[in-house]
Amino acid sequence: MLVEHALYFTIGALSISVVENFLKIVVIYENSKKKDQVGPSHGLTSASLVTKKWVQVIRWIFKLNRYGLFWISIAIGLIIVWHVPFLFNIATENRDIHILQHISFIAVGATSLLAIRSLGENSKIFLLFSMAGMMAFSGLVFVVLTERIYLFYSLNSHNQAGTYMIISSIILLLVGFPAYIIKRSLYFVKVGD
Amino acid sequence: LIHNEYEREQGPTPLFDISLELSDLTKKFIIAAVIYFIIAGVLALIMRTIQSKVMLLGDQNQTFGLFYSSLTVHGQLMFFGFASMMVVGISYYLVSKFAKKHLFSFNLAILSFALLNAGAILLIISGTMFFGAGWYNLMPLTFHPGNNGWTIFSSVIFLIADLIIGVALTIFSINVIATLLIGRVAAGVQRSEVNYDINKSGEELQDQHKSKSDEEDKGRVDLLIMQHISASVRWCSLLGISSWLPQKSRSKIPAVSIVVVGIFVNALIQLMGNIGLFAQLAIGFSYLVDPNFNANWLLAKDVWWFFGHPIVYFTLFSFLGAAYYYIPRYAKKTVPYDKWAYRSWPFYFVFTMLVFSHHLFMDMPNPDWLEMVAQTASFGIVFPSGLTIMTVLMYIFRSRIKWNITALFMMAGIAGWAFGGFAGVETGWRGTDLYLHNTLNVVGHIHFVLLMGSVLFGLGLIYSIIPAITKKNLEVNLGIVHLILTLIGGFGLAFMFLFLGFAGFVRREADIPQIFAWTLPWLLFLALVVGFGQIIFIYNLFKTMLRKKQSSHEKEYFENQQIRMVKENNNISK
């Protein structure tokens, strides 16, 4: 389950990259067309009109891209909502809600990527640190559970999930966190030179 | 050994002049801490008296109830009313002084002071109502009132006190972290690391560590300049990670003062640890409100120690950071940037967060693998601790250290902490913990780490900070008497606890077996010695603060210092 959900987060993040690249290609194509055009403009074709409208919509959405806290709040909110035992249990029983849950996780991946890109460096580092801490903490909750929270999974699965979460958080704290800080520091030092 | 001349006793504080408001607040923190220290000390004497079979309240049940409430309030008041109060107050002072800037929010600092006091007072009130579940919130005892002991009301008061204290510590952590992460910060010593020092003709100079520095003012932290540092570089520096980088990279990352590193690591760990306290309170309150609530007490205990272990280090880290600066300064060594001083901090940061589960080896065991992680972390923390002790010892090796009161207190603190560390590693090992967990050995460990570690560091710093704030020196002879009595009483108590634990003296017991009766007069005597030492200290402290006139020495010295401080502040504002 952990791997599956992590995969959805990745898909969400990747989808943002794909959309952005697609938009870049469209803009480059439109610009090159304008350059090639000789003589007075004959107005927009219906295809480029649709593209223009689409770009306007996307631009409006991406205006929010400056506010990292907005995106991270959406991501955190979605994660919390879908881990409420009542909702989680319904999602495992009902196929449609299950699909909705997975779409939400894709959205979590997408919003997280947007948040990471728009948040300041301090906030990013603090987020990474908090993530390790919260994962360790939640893992602890799962490791010592004596009753199931999510009815679809056995107690043993709960405890195992806790174990994996603690191991992941320790790796994040010991390897990911210092590696990120060191890498970024050396980059800034290099740029400073 | 002791210098008679006291005019420089206040020590090598940087020249940055902190605000008058912060000076006053620091004084208030120190005074409040000392008052709670005395109250907590009196409770310790009450415990010793009751164990000596003196029925203080006539009735045995009530007297034993008083023992357990004294035990509880003594522990929590020492931790939160005294040690944490002192750490928070002194940390605010040191952060401002060594980062050369004002706090992120002075109002938050006042709020943390008010909340810590409110929490401490509520703790005392819960004690008067015979609440006695232990400072460690022995789960689920705290949340099971009405067992012919304390009332539900006293439980609620105690838990609200803990909640308020948790909020105060969170506010402190946020204030310190924001102060250091936002805006400019004093940094840059690393650029003058000894190997990179260059003389006027451009040649690289070799190691400049000498037994005695030529410089008149060895406060190299004053040479730090205010810098805008990018976030990741700043984190790398504040966590001490940069000290592990190769020389080439290390020299390019500006280092903040080692004192600042200690306080930042402290605040960050505690901020995370506080989540444990809040989670434990949430579980407990849910159970109090609805007894049908299916509380997981193992989880409650786990999360409590997720907070409870960091709070022990909380009393230490800020002071250790300060020791790294003060001791070499007293040893008259120039330590512009010593990578070994910084190298222990990333390990303190990591191991402190992993070690909590070793408190649960016995009564409510966690899964085996989690206990092994905690055991490994318990052994692992020996590395940074040993590194700190060895580094500090190397500072005084072949130096002409000025053994003034601050230096003596600090070195005694290093010794006490080291002894406590040895005992901690023993009980951090599951095999030994099986035999020692419920004995006075654990009490000995905590008295070494706290009373003979953190408290001695804190008292030493007070001898340095109070003159810097009040521009008046504390009396030297009284300080020496204070030191001697504290060392005799404190080390005596802690050693006795430690060895009585080996002999099987059970802890948390009001009624002790006859076989250990001989120990009680000794324990009472040693506790009285510590207490008497503190009375002398308080007399010295208040006498100095209430004294209106400065001596001619003080006047001359502090006026000169003030001129230099104004100059430094002008440089910073430029």
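Residues numbered from 1 in each chain as written. Chains lettered and ligands numbered in written order. Predicted model: local features only at pLDDT ≥ 70, side-chain atom pairs only at ≥ 80, totals over all residues. Heavy atoms only, no water.

*Asks:* What is the right way to look at the overall build of chain A in this model?
*Replies:* Across its full length, chain A holds 7 helices and 0 strands. When the elements of chain A are put in sequence order from the N terminus, they spell out α-α-α-α-α-α-α. Compactness check: chain A gives a C-alpha radius of gyration of 22 Å against a globular reference of 16 Å for 193 residues, more than 25% above the reference. Counting only C-alpha atoms, chain A reaches 75 × 55 × 20 Å along its principal axes. Out of the 193 residues belonging to chain A, those deemed buried represent 33%. Look at the contacts in chain A between residues 6 or more apart in sequence, and 67% of them connect residues 24 or more apart. Across chain A, the centroid of the 16 positively charged side chains sits 12 Å from that of the 9 negatively charged ones. (Helix = DSSP H or I, 4+ residues; strand = E, 2+ residues; numbered from the N terminus. Rg over C-alpha atoms; globule rule 2.2 N^0.38 Å. Buried < 20%, exposed > 50% of the residue type's maximum accessible area, 1.4 Å probe, protein only. Contact = heavy atoms within 4.5 Å. Lys, Arg positive; Asp, Glu negative; His and termini not counted. Charge placed at Lys NZ, Arg CZ, Asp CG, Glu CD.)

*Asks:* Any chance you could explain the overall build of chain B here in plain terms?
*Replies:* Scanning chain B from N- to C-terminus turns up 18 helices and 2 strands. Here chain B holds 574 residues, and 64% of them are scored as buried. By sequence separation, contacts in chain B at least 24 residues apart represent 85% of the contacts at least 6 residues apart. Accessible surface, chain B as shown: approximately 21200 Å² in total, 65% of it carbon and sulfur. (Areas by Shrake-Rupley, 256 points an atom, 1.4 Å probe, with all protein chains shown as cover.)

*Asks:* How should I be thinking about the environment of B:L546 in this particular structure?
*Replies:* All names here are of chain B. Position of L546 among the secondary structure elements: in helix α17 (residues 519-546). Its relative accessible area of 64% is what places L546 among the exposed residues. Along the primary structure L546 and T470 are separated by 76 residues, whereas in three dimensions their C-alpha atoms are 9.7 Å apart.

*Asks:* Looking at this structure, I do not really get a nonpolar patch on the surface. What am I missing?
*Replies:* On the surface, a nonpolar cluster with roughly 480 Å² of combined accessible area is contributed by A:Y164, A:I167, A:I171, A:L174 and A:V175. Note on placement: A:L174 falls in helix α7 (residues 155-192). (Patch = residues over 30% accessible without salt bridge, like charges linked within 9 Å, V, L, I, M, F, W, Y side chains within 5 Å. Salt bridge = Lys/Arg side-chain N within 4 Å of Asp/Glu carboxyl O.)

*Asks:* Help me understand the packing of helix α8 (residues 297-330) of chain B against helix α15 (residues 440-470) of chain B in this model?
*Replies:* The angle between the axes and the distance between the axes are what describe a pair of packed helices. Residue and element names in this part refer to chain B. The geometry of α8 relative to α15 is characterised by a closest axis approach of 9 Å and an angle of 50° between their N-to-C directions. It follows that α8 is oblique to α15 by the angle criterion. Considering only the axes of α8 and α15, their crossing is left-handed. Residues V312, T315, L316, F319, L320, A322, A323, Y326 and Y330 of α8 form the contact with α15, whose participating residues are I446, V449, L450, G453, S454, F457, G458, L461 and S464. (Axes fitted to C-alpha atoms, helices over the stretch in contact; angles between N-to-C directions. Parallel < 35°, antiparallel > 145°, perpendicular 65-115°, else oblique. Left-handed = near helix turned anticlockwise from the far one by under 90°.)

*Asks:* Would you explain helix α12 (residues 382-396) of chain B in this entry?
*Replies:* Since one α-helical turn is 3.6 residues long, residues separated by three or four positions face the same way. Residues and elements named next belong to chain B. Between its terminal C-alpha atoms α12 stretches 21 Å, which fits the 21 Å expected from 15 residues at 1.5 Å a residue. Buried residues in α12 make contact with α8, α9 (339-342), α10 (345-354), α11 (368-380) and α13 (405-427). At the C-terminal side of α12, R398 shows a positive phi close to 55°. (Expected span 1.5 Å × (residues − 1).)

*Asks:* What is the right way to read the confidence of the model for chain B from this model?
*Replies:* As a general rule, the predicted coordinates of low-pLDDT regions are not to be interpreted in detail. All names here are of chain B. Taken over all residues, the pLDDT of chain B has a mean of 86, while the share at 70 or more is 88%. Here residues 1-11 is modelled with pLDDT under 50, and outside its nearest four sequence neighbours on either side it reaches 32 contacts, counting other chains as well. With pLDDT under 50 throughout, residues 206-219 is counted as low confidence; its partners more than four residues away or in other chains account for 29 contacts. With pTM at 0.88, the complex prediction returns an ipTM value of 0.80. (pLDDT = per-residue confidence, 0-100.)

*Asks:* Quick question: what am I supposed to make of the interface of chain B and chain A here?
*Replies:* Many authors give the size of an interface as the accessible area that is lost as the parts come together. Facing the 36 residues of chain B at the interface are 31 residues of chain A. Inspection of the region where chain B meets chain A yields 0 salt bridges. At the boundary of chain B with chain A, the tally comes to 5 residue pairs in polar contact (both at pLDDT 80 or more). Listed by contribution, the elements that provide at least two residues to the side of chain B that touches chain A are α5 (231-238), α7 (258-289), α8, α10 and α11 of chain B. Grouping the amino acids of the side of chain B that touches chain A by side-chain chemistry returns 27 nonpolar, 7 polar and 2 charged. (Polar contact = N/O pair within 3.5 Å; in protein donor to acceptor, adjacent residues only side chain to side chain. Nonpolar A, V, L, I, M, F, W, Y, C, P; charged D, E, K, R; others polar.)

*Asks:* What should I look at first to understand the environment of A:G68 in this one?
*Replies:* Residue and element names in this part refer to chain A. Locating G68 in the fold gives a position in helix α3 (residues 68-83). C-alpha separation for the pair G68 and S118, spaced 50 residues apart in sequence, amounts to 4.8 Å. Not counting chain neighbours up to four residues away, the residues in contact with G68 comprise A115, S118 and L119.

*Asks:* Teacher, can you tell me more about the pattern of salt bridges here?
*Replies:* Oppositely charged side chains can pair when the atoms bearing their charge come close. Inspection of every chain in the model, using the stated rule, returns 7 salt bridges over all chains. For A:E121, the salt bridge identified is with A:K124, shortest N-O distance 3.9 Å. Note that A:E121 and A:K124 are positioned in helix α6 (residues 121-143) at a spacing of 3 residues, about one turn of the helix. On the basis of relative accessible area, A:K124 is assigned to the buried category, the value being 19%. With a closest N to O distance of 3.0 Å, B:R430 and B:D368 form a salt bridge. Taken together, the residues B:R430 in helix α14 (residues 430-436) and B:D368 in helix α11 connect sequence positions 62 residues apart. Look at the salt bridges and you will find they share partners, linking A:E121, A:K124 and A:R184 into a network.

*Asks:* Honestly, the environment of B:L22 in this entry has me stumped. Any pointers?
*Replies:* All names here are of chain B. Within the element layout of this structure, L22 appears in helix α1 (residues 20-51). Judged by its relative accessible area of 2%, L22 is buried. Placed 245 residues apart in sequence, L22 and A267 show a C-alpha to C-alpha distance of 19 Å. Filtering out sequence-adjacent residues up to four positions away, L22 remains in contact with Y92, Y93, S96, L103 and F106.

*Asks:* When you look at the nonpolar core in this model, what are you seeing that I'm missing?
*Replies:* Nonpolar side chains in soluble globular proteins tend to end up buried together. One finds B:L94, B:L239 and B:F349 to be the most contacted residues of the largest nonpolar core, which totals 191 residues. Among the elements that line this core, the one with the most residues is α8(B), at 24 residues. Once residues within four sequence positions are removed from consideration, B:L239 is found in contact with A:F177, A:I181, B:V261, B:F264, B:V265, B:L268, B:W345, B:P346 and B:F349. Among the nonpolar cores identified, the runner-up in size contains 14 residues, and B:V443, B:L493, B:F497 and B:L523 belong to it. (Core = buried A, V, L, I, M, F, W, Y, C linked by side-chain atoms within 4.5 Å.)

*Asks:* I tried to follow the packing of aromatic side chains on my own but got confused; where do I start?
*Replies:* In this description, a pair of aromatic rings is defined by centroid distance and the angle of the planes. All names here are of chain B. Enumeration according to the criterion identifies 56 aromatic pairs over all chains in this entry. Centre to centre, the rings of F448 and F491 are 6.0 Å apart; their planes meet at 55°, and the pair counts as tilted. Placement of F448 in helix α15 and of F491 in helix α16 (residues 476-502) is noted, with a sequence separation of 43 residues between them. Of the two residues examined, F448 and F491, each falls in the buried class. By way of ring pairs, the aromatic residues F79, F80, W135, Y136, W304, W305 and F307 are connected into one cluster. (Phe/Tyr/Trp six-rings, centres within 6.5 Å; stacked < 30°, edge-to-face > 60°.)

*Asks:* Which parts of the structure should I look at to understand the packing of helix α2 (residues 60-98) of chain B against α8(B)?
*Replies:* Residue and element names in this part refer to chain B. One way to put it is that α2 packs onto α8 with a least axis distance of 10 Å and a crossing angle of 40°. In terms of their interaxial angle, α2 and α8 are classed as oblique. Between α2 and α8 lies a crossing of left-handed hand. Counted together, Q76, F79, F80, A83, S84, M86, V87, V88, I90, S91, L94 and F98 of α2 and W304, F307, I311, V312, F314, T315, S318, F319, A322, Y325 and Y326 of α8 form the full contact between these two elements. Taken together, the residues that form the contact of α2 with α8 break down as 18 nonpolar, 5 polar and no charged.

*Asks:* Just to check I follow, could you spell out unusual backbone geometry for this structure?
*Replies:* For residues besides glycine, phi is generally negative; the peptide bonds are generally trans as well. Residue and element names in this part refer to chain B. Along the chain, M139 connects to P140 via a cis peptide bond; the corresponding omega equals 0°. Along the chain, P140 falls in the loop between α3 (106-128) and α4 (152-181). With a phi angle near 65°, F130 is a residue other than glycine that sits in the positive phi range. Among the structural elements, F130 can be located in the loop between α3 and α4.

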